[in-house]
Amino acid sequence: MIELTMSHWMYLAGTLLIILTMLFRQNVVVPAILMTFLVGWIFSGSLSIGLQTIFQASLIAAGELFNIFLIIAIMTALLHALKDIGADEQMITPFQKVMVNGHISFWVIVLVTYSISLFFWPTPAVPLVGALLIPVAIRAGLPPIGAAIAISLAGQGMALSSDYIIQIAPMLSATAAGVDISLVADRAFVLSLVTGGIAITTAYLLLRKWIKSPSKNHLIKWEKITAASTEETNQTRKPVTKKSMVFALLVPASFLFIIVYMVMAKFSDVIPSIEGGTGAALIGGTAALLLLASTTADKAKTSLTKVSEHLITGFVFAFKAMGPVIPIAGFFFIGSGELAGTILGVGSEASPSFLFDLVQAGQQLIPESAFLAGFAILIIGMITGLDGSGFSGLPLVGALSSALGPTVGVDTATLAAIGQMGSIWVGGGTLIAWSSLVAVAGFAKVPVMELVRKSFLPVMLGLIAATLFGLWFF
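Residues numbered from 1 in each chain as written. Predicted model: local features only at pLDDT ≥ 70, side-chain atom pairs only at ≥ 80, totals over all residues. Heavy atoms only, no water.

1. Section: unusual backbone geometry
Line of reasoning, step 1. The backbone phi angle of glutamine 167 is positive, close to 60 degrees, even though this residue is not glycine.
Line of reasoning, step 2. You can see glutamine 167 is positioned in the loop between α9 (144-162) and α10 (168-177).
Line of reasoning, step 3. Look at lysine 445: it is not a glycine, yet its phi comes out positive at around 60 degrees. (Helix = DSSP H or I, 4+ residues; strand = E, 2+ residues; numbered from the N terminus.)

2. Considerations on the packing of aromatic side chains
Line of reasoning, step 1. As enumerated under the stated definition, the model contains 17 aromatic pairs in all.
Line of reasoning, step 2. Measuring from centroid to centroid gives 5.5 Å for phenylalanine 106 and tyrosine 204, while their planes differ by 40 degrees, and the two rings are tilted. Taken together, the positions of phenylalanine 106 in helix α6 (residues 102-120) and tyrosine 204 in helix α11 (residues 181-207) put the pair 98 residues apart, joining distant regions of the chain.
Line of reasoning, step 3. Taken together, the ring pairs connect Tyr11, Phe43, Phe331, Phe332 and Phe354 into an aromatic cluster. (Phe/Tyr/Trp six-rings, centres within 6.5 Å; stacked < 30°, edge-to-face > 60°.)

3. Some remarks on the packing of α11 against helix α23 (residues 448-473)
Working note: a packed helix pair is described by the angle between its axes plus the distance between those axes.
Line of reasoning, step 1. For the pair α11 and α23, interaxial distance at closest approach is 8 Å and the crossing angle is 150 degrees. Of the possible angle classes, the one that applies to α11 and α23 is roughly antiparallel. Seen from above, α11 lies across α23 with right-handed handedness. The segment α11 lies against α23, with Val190, Leu191, Val194, Thr195, Ile198, Ala199, Thr202, Ala203 and Leu206 engaging Pro458, Val459, Leu461, Gly462, Leu463, Ala465, Ala466, Phe469 and Gly470.
Line of reasoning, step 2. Residues belonging to the contact of α11 with α23 are distributed by class as follows: 14 nonpolar, four polar and no charged. (Axes fitted to C-alpha atoms, helices over the stretch in contact; angles between N-to-C directions. Parallel < 35°, antiparallel > 145°, perpendicular 65-115°, else oblique. Left-handed = near helix turned anticlockwise from the far one by under 90°. Contact = heavy atoms within 4.5 Å. Nonpolar A, V, L, I, M, F, W, Y, C, P; charged D, E, K, R; others polar.)

4. Focus: a nonpolar patch on the surface
Line of reasoning, step 1. Together, Met6, Trp9, Trp41, Ile42, Leu47 and Leu51 give the surface a local cluster of nonpolar side chains, amounting to about 600 Å² of exposed area.
Line of reasoning, step 2. Contributing elements (two or more residues each) for the nonpolar patch: α1 (6-23), α2 (29-44) and α3 (47-85).
Line of reasoning, step 3. Structurally, leucine 51 can be placed in helix α3. (Patch = residues over 30% accessible without salt bridge, like charges linked within 9 Å, V, L, I, M, F, W, Y side chains within 5 Å. Areas by Shrake-Rupley, 256 points an atom, 1.4 Å probe, with all protein chains shown as cover. Salt bridge = Lys/Arg side-chain N within 4 Å of Asp/Glu carboxyl O.)

Structure representation (structure tokens):
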């Protein structure tokens, strides 16, 4: 029988406090820092150690997660370099020619948003798709709410929930769960396709009756609302040049080659297998070289300065997007037996495992049901997504999956992937009005709450189906 100490109960109180704070739609950084201090103080019996624990927890978390910050910074820097030469617009322009009606337009927006979001995340994909494809789709007969739903479900939902190329979300989930990143990444990718396939198809079937015949009048009516933003977009649009065309082809071709390489490495013996975050490193290294090439091609004389400026912009964005995750991850890393010893300044033999001990102590209260465990992790993930981030709760669902999985006989990586679906589909920007969904609604000029209401049923059906599929298939 595991004996729970006062520090165990304080860790449990901190976990519940963070979940409660999320339910009230408040930022959880402050309670995470406070509870980290209290757990360290009570465990060590020293106020000084408690204060050090705050810093050590964030330091360990930053070290574990810095590869995430680096890949975000490089990819963001590349996108800004592509904007300088107009290549970002040229990568999308060919799709405008096939958007002949509202039905095709819906699926084209889904495809383009998903593709861009896999490599650059949905944040830069939204303004790019919104400025170039939404007007074309509206003219083709797709209602603005339909375009907004297509962007949010494909980008903030399906692409971000797997994050299969950059692998930031799987890294967060897998690190806290103590399992291999590739396991969580592969399973999250499959579950994201199940969730997205059902959610997007359901949304399309519900929207079909609102799709009209192509007419310029649809666009004229919509542009009366968006005249200012349309004028601004036209003023900032870059002219087509040979350089922009070259990089519009080179960038996707380079990433496509890496995807083919990764697939061959996974399913054949021709290429050595890729471990852990190697895929993200391949993408990051390629993006860095493309950043140098595109910046030099734009203006060789100022390329040295420009590359530095783009990287600074990338790091600023990375820390704005992921900075709050560090102290939150630090708190949940204390619950991990592998990291707690370093954070608390004790040897590995004396390292506590708060979360695992709590689950083991309460094992008799936990129904040994894979079904209940899967949906419990899904619901917890959805609750953690209420903060509007989608990423801050991943250390929690990862740690809970590690502790709960062996108890109920469900694979830890599967539970972590299910929790990742719930957290990111809700908080990443499909069901939370105070998330990046606001940007999607703004570009489409539709009320954000209407977008949430129309997305709710498709997303919930997708998440339920993906959870059942994950528990059955894996």
